[in-house]
Amino acid sequence: MQQAPFVFFCRPGFESDCAAEVQAIANAYELAGYANAPTDSGYVRFFLFDEESAEQFFEMLDLNDIVFARQWFWAKAELQDLPLEDRISPIIEMSSGGATGNSVLVEHLDSDEGRELSKFCKKFSTPLTIALEKQGLIHEDSEFRLHILFLANDHCLVGYSPVERSSELKGGILRLKSPRHAPSRSTLKLDEAIQVLMSKKQQKQVFRLGNTAADLGAAPGGWTFQLVERGLQVSAVDNGPMDKKLMATEQVEHFKANAFNWFPEKPVDLVVCDMVEKPSLVANLMASWLEEQHAQQAIFNLKLPMKKRFQEVADCIGLICDRLEEAELSYHWQAKHLYHDREEITVYFRVK
Ligand SMILES: C[S@@+](CC[C@H](N)C(=O)[O-])C[C@H]1O[C@@H](n2cnc3c(N)ncnc32)[C@H](O)[C@@H]1O
């Protein structure tokens, strides 16, 4: 019998990378399974071969450890041909066999088809939540979150995820508004990276008035803008021109230089890098910054136009970890294909 699938949400076009990564995670835990990842659908279904393996997989999966997934849950039931006049009753019937949740997320995918369901999902969320509450299926202190993923307006998957190891955001998407005076829209990438990849404690530690940062490949200044807004003094390294308003803040010093051989005179609190370069070159550069203690924290993009993107990410992160281990530095890292990332992922490293 086919087991209930695990569902992973990703950016449309990245299904095979997400599937390869989930497969690698299962393999690392010696669990056998297979993925079904329709192209451009925005999601992956992953099936374990037996119930015991599925339980184990559920116990250890953590969204923070998965680069190419934005959200996940264990889909315990699939409901098709839902009566349009009452979709709630069949969902309640399926939910009552499963776990309670501390909340319910009515989800849709980020594909063209999925986004067409967004209005409906928003509208459906309140009556469904009220009905689930009436049935005693919503408990504030539940360890789980209920997910109803609509694939069409009469077709959904019903399941749950652990609150601590999945996202409280619909589709795992952190929606941000571009600030009016930002020099480029890519400012949102760094804003999202800071909020998603750094803990509140790390943010407090780094973003103190007067602390310093270096921005490699900074022009026109979208990332520098985020650092300036958070109170940092920034060394912006780029041969290209920086935004005039940003320079007028007097929090930015512009170095017209090749960022591959520019290092600060004194260590900075954070280095960021958004250069369009081969991922292995950027990974090596970031390893040098951390190894030589020019900075203890780094946020950078790895641009991934190639086909085997998951493999490239694994190689680049492996390369940095190897170099830090050789230097006997302990470290923490997390990487994510963020909502505002396109053909790239964002990585955060901290050495202690
Ligand atoms: C994607 S843009 C950066 C955008 C910037 N993060 C922002 O938010 O406005 C990449 C930048 O990297 C710069 N760049 C590429 N190679 C570089 C190098 N070797 N040294 C310095 N800058 C470099 C380019 O000039 C370009 O301005």
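Only a predicted model underlies this, so the values are computations on that prediction, with no experimental measurement involved.

## Topic: the pairing of strand β7 (residues 155-162)
Within β7, 8 of the 8 residues are buried, which leaves it mostly tucked inside the rest of the structure. Neither face of β7 is open: one carries His155, Leu157, Gly159 and Ser161, the other Cys156, Val158, Tyr160 and Pro162, and all of them are buried. When strand β4 (residues 71-79) meets β7, the two strands line up antiparallel, connected through 5 bridges. Within β7, the residue paired with Glu78 across the bridge is Leu157. Direction of pairing for strand β6 (residues 144-152) relative to β7: antiparallel, over a ladder of 8 bridges. From the neighbouring strand, Ile148 faces β7, where its bridge partner is Val158. Where β6 folds back on β7, the antiparallel hairpin that results is connected by 2 residues.

## Overview of the sheet that holds strand β11 (residues 270-273)
If you walk across this open sheet you meet the 7 strands as β10-β9-β8-β11-β12-β14-β13, and the pairing is mixed. At either margin of the open sheet sits one strand with a lone partner, and together these are β10 (252-255) and β13 (331-336). The average undirected angle you get between the axes of adjacent strands in this sheet is 15°. Looking at chain direction, β13 and strand β14 (residues 344-351) are connected through 6 bridges and run antiparallel. Bridging across to β14, His332 finds its partner in Arg350. Each of β12 (297-303), β13 and β14 is contacted by helix α11 (residues 309-326), which is oriented at about 15° to β14, the strand it contacts most.

## With respect to the site of the ligand
Around the ligand, a shell composed of 17 residues is seen, among which Ser186, Gly222, Asp238, Ala259 and Asp274 lie nearest. A distance of 3.1 Å separates an oxygen atom of the ligand from a polar atom in the backbone of Gly221. Across the complex, the protein chains shield 76% of the 600 Å² of accessible surface that the ligand would expose by itself.

## With respect to the UniProt feature "binding site: S-adenosyl-L-methionine" (unreviewed entry) in the chain
When the UniProt feature table is mapped to this numbering, "binding site: S-adenosyl-L-methionine" (unreviewed entry) covers Ser186, Ala219, Pro220, Gly221, Gly222, Asp238 and Asp274. Residue classification places Ser186 among the partly exposed positions, given a relative accessible area of 24%. Discounting chain neighbours no more than four positions away, the residues touching Ser186 are Trp223 and Asp274. In this fold, Asp238 is placed in the loop between β9 (233-237) and α9 (244-247). Residue class for Asp238 comes out buried when judged on its relative accessible area of 17%. A polar atom in the side chain of Asp238 sits 2.8 Å from the backbone nitrogen of Gly240.

## Observations concerning helix α10 (residues 279-291)
With 13 residues, α10 extends 18 Å from end C-alpha to end C-alpha; this agrees with the ideal 18 Å at 1.5 Å per step. Turning to α10, its buried residues are Pro279, Val282, Ala283, Leu285, Met286, Ala287, Ser288, Trp289 and Leu290. The inward-facing, buried residues of α10 abut β8 (212-216), β11, β12, α11 and β14. The first or second residue beyond α10 is Gln293, which carries a positive phi of 60°.

About the thresholds
- Residues numbered from 1 in each chain as written.
- Predicted model: local features only at pLDDT ≥ 70, side-chain atom pairs only at ≥ 80, totals over all residues.
- Heavy atoms only, no water.
- Buried < 20%, exposed > 50% of the residue type's maximum accessible area, 1.4 Å probe, protein only.
- Helix = DSSP H or I, 4+ residues; strand = E, 2+ residues; numbered from the N terminus.
- Pairing = 2+ DSSP bridges.
- Axes fitted to C-alpha atoms, helices over the stretch in contact; angles between N-to-C directions.
- Contact = heavy atoms within 4.5 Å.
- Near = heavy atom within 4 Å.
- Polar contact = N/O pair within 3.5 Å; in protein donor to acceptor, adjacent residues only side chain to side chain.
- Areas by Shrake-Rupley, 256 points an atom, 1.4 Å probe, with all protein chains shown as cover.
- UniProt positions renumbered as here; feature names shortened; annotations may be inferred.
- Expected span 1.5 Å × (residues − 1).

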